[in-house]
Amino acid sequence: MQPSEVATWLGSELGRVVAARGVPGAAAAVLVGDEVVDAAAGVLSTGTGVAATADSVFQVGSITKLWTATLVMQLVEEGLLDLDAPVRDHLPGFRTSDPVATERITARQLLCHTAGFEGDVFTDTGRGDDAVEKYVAAIAGTPQLVPPGEVFSYNNAGYVVLGRLVEVLRGRPFDAVLTERLVEPLGLTHVAPSPYEAILHRAAVGHVGERPDGTPEPARQWALVRSNAPAGSMLAMRARDLLGFVRLHLAGGRAPDGTQVLGAAAVAAMQERQTAVPDVGTMGSAWGLGWSITETDGGTVVEHDGGTIGQAAFLRVVPEHGVAVALLTNGGDVLGSYEDVVVHLVRELTGITLPARPEPPADPLPVADPARYTGRYADAVHDVEVREESDGTLWLEQTPKGILAEIGEPPFRTGLVPLRGDSLIALEQSHGMHPVYAFLGDDGSGRAAYLHHGRAVARTDDPS
């Protein structure tokens, strides 16, 4: 499939996908070798009816973490930061609930989500340039769930800590460093670190829920809190500029004008496997220094997704083929649109079939040892109970709290059946997919110590 064929396909199919999937608006970009093709369809907001264009900016959510990781690796290259030295060497005020773990946590562990402390903390510390600094002070004493370096547990708070490292070692606010060290050297023109820049462009609005007439309802809030900016709460851009950033990671760290923005060795290190990911069905098989990694029969895919308030972004990169596909959306069936656009184009351009959404087995086996899984688990954004019914089936009830409750996340109740090993899959769907829960460790009585759904959620009930 040549770039001209990609352009033809996007021109004819993106609008159809948006309409069929109930997505208000979307933008897509495809990098093939040195050429980028982009397109857009739908509207930026059903409230205004303003059309989405290829120059519209959408929030990229946690794809921001790749930008933060790149800024961190620049510090490493310049000798300002040692990936394997304690974070407290530069941030003496950083601490978790475990004094021993606090002294051991490193930037490498933060980059690959193995620092082990509670990660879904979204404390609002204001809109000033000191928001990240205040956040790191505010999370002092956050629960340490597992010892550092032992298990992958996706950690938004960890990336804010990395953002604060960038601020301290550069002497500038995070947004300013991102602009000076990445946006400007790469020649990107439609990147908005905050709403103050986004308003200068055609900016997409997220959609959450439906109006009485069934049309998508625009969100009442555009962005999450500024304190979480290094983790992905605000950054917005057009799809073409996202691939302008990706091109850096396919070109040995060089900008289009030849400037060495990041060294080739650092680029390669970011894409190397650092830790395995528990079998939760949707987060790849391993994690590098920022990148999620999926190994397929056709080659390695490095990737990241992002979600904010009613906006979802998808990025898949196949370095061996020099191919990258980005899809930015603002509501509706985003996973369906991902399959229709990203999965299709990656397959056509590289021959690689990306993993499908996990599905419960047609004839599930009974759970062999229900007592290992039953009990109560909790983190900052969920209370979870797994219980055995009188007929021997397992049921999970997940109740949102904190910021998830504030933005209207509904409770989730589902039966659980075996998928593989200690991973159980939900019979019901949540956000368009059947969640997979891995049960890890031992609490000393033969029961799982953690429920894992991308994050490790600690057991809270007493074994007695």
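What you see is a predicted model; the values in this text were computed from it and never measured.

Reading the values: rules and limits
- Every chain is numbered independently, its residues counted from 1 as its sequence is written.
- Where local features are concerned, this predicted model is filtered to residues with pLDDT of at least 70; where side-chain atom pairs are given and counted, the filter is 80 or more; whole-chain, interface and lining totals use all residues.
- In computing side-chain properties, one takes all heavy atoms of the structure into account and sets aside hydrogens as well as water.
- Segments assigned H or I by DSSP are reported as helices when at least four residues long, segments assigned E as strands when at least two residues long, and all are numbered from the N terminus.
- It is over C-alpha atoms that the radius of gyration is taken, and the globule rule equals 2.2 Å times the number of residues to the power 0.38.
- When accessible area is computed with a 1.4 Å probe and restricted to protein chains, residues below 20% of their type maximum are described as buried, those above 50% as exposed, and intermediate ones as partly exposed.
- Here a residue-residue contact requires only that any non-hydrogen atoms of the pair lie within 4.5 Å.
- Areas reported as accessible are Shrake-Rupley estimates using a 1.4 Å probe. Residue values count occlusion only from the protein chains shown.
- Buriedness for pockets is judged along seven lines, at least five of which must meet protein on both sides within 12 Å for an open set on the 1 Å grid over protein atoms alone, while cavities are sets there where a 1.4 Å probe fits but cannot get out, and lining residues have an atom within 4 Å of a point.
- Grid points are joined across faces, edges and corners, and a volume is the space filled by probe spheres set on the points.
- Residue polarity is assigned by list, with Asp, Glu, Lys and Arg as charged and Ala, Val, Leu, Ile, Met, Phe, Trp, Tyr, Cys and Pro as nonpolar; anything else, Gly included, falls into the polar class.
- Helix span is expected to be 1.5 Å times the residue number reduced by one.
- Paired rings are identified among Phe, Tyr and Trp, the last through its six-membered ring, by centres lying within 6.5 Å, and are further divided according to the angle between planes into stacked (under 30 degrees), edge-to-face (over 60) and tilted (the rest).
- Any Lys NZ or Arg CZ found within 6 Å of a ring centre and within 35 degrees of that ring's normal is scored as a charge over the ring.

Tell me about the overall build of the chain, and name the residues and values.
Tallying secondary structure elements over the chain gives 12 helices and 21 strands in all. In summary, the chain has a C-alpha radius of gyration of 22 Å against a globular reference of 23 Å for 464 residues, a match within 12%. Along the longest, intermediate and shortest principal axes, the C-alpha atoms of the chain span 65 × 50 × 45 Å. Considering the chain as a whole, with its 464 residues, one finds that 57% of them fall into the buried category. Contacts in the chain between residues far apart in sequence, at least 24 positions, make up 59% of those at least 6 positions apart. As presented, the chain carries roughly 18000 Å² of accessible surface, and 50% of it is formed by carbon and sulfur atoms.

Go over empty space enclosed by the protein with me, naming the residues and quoting the values.
Any empty space left between atoms is shown by rolling a water-sized probe over those atoms. For the structure shown, the criterion picks out four cavities of 30 Å³ or more. Quantified by volume, the largest cavity comes out at close to 50 Å³. Forming the boundary of the largest cavity are Gly128, Asp129, Ala131, Val132, Glu167, Pro173, Phe174, Asp175, Arg226 and Ala229. Contributing elements (two or more residues each) for the lining of the largest cavity: helix 5 (131-138) and helix 7 (174-183). Split by residue class, the lining of the largest cavity holds five nonpolar, one polar and four charged. Its boundaries defined by the atoms lining it, the second largest cavity holds a volume of some 40 Å³. Thr64, Phe174, Asp175, Leu178, Pro193, Ala229 and Leu235 together form the lining of the second largest cavity. For the lining of the second largest cavity, the element with the highest residue contribution is helix 7, accounting for three residues. For the lining of the second largest cavity, the residue count by class is five nonpolar, one polar and one charged.

Please set out helix 9 (residues 239-250) residue by residue, giving values where relevant.
An ideal rise of 1.5 Å per residue puts 16 Å on 12 residues; helix 9 measures up with 17 Å between its terminal C-alpha atoms. One or two residues past the end of helix 9 sits glycine 252, with phi positive at roughly 65°.

Which residues make up unusual backbone geometry, and what are the values?
In the Ramachandran plot, histidine 113 falls in the positive-phi region, its phi being about 60° despite a non-glycine side chain. By the secondary structure assignment, histidine 113 is in the loop between helix 4 (107-111) and helix 5. For histidine 431, which is not glycine, the phi dihedral falls at a positive 55°.

An account of the packing of aromatic side chains is requested, with residue identities and associated values reported.
Going through the model one piece at a time under the given rule, you end up with seven aromatic pairs. Ring geometry for tyrosine 377 versus phenylalanine 439: centroids 6.1 Å apart, planes at 70°, classification edge-to-face. One end of the pair, tyrosine 377, is in strand 14 (residues 375-378); the other, phenylalanine 439, is in strand 19 (residues 436-440), with 62 residues separating them in the sequence. Using a relative accessible area of 1% as the deciding quantity, one classes phenylalanine 439 as buried. Every member of this aromatic cluster is reached through a ring pair, and the members are Phe152, Tyr154 and Trp287. When the ring centre of tyrosine 159 is taken as origin, the NZ or CZ atom of lysine 65, which lies over that ring, is 5.9 Å away. Above the plane of the ring of tryptophan 395 lies arginine 413, whose end atom (NZ or CZ) is 4.2 Å from the centre.

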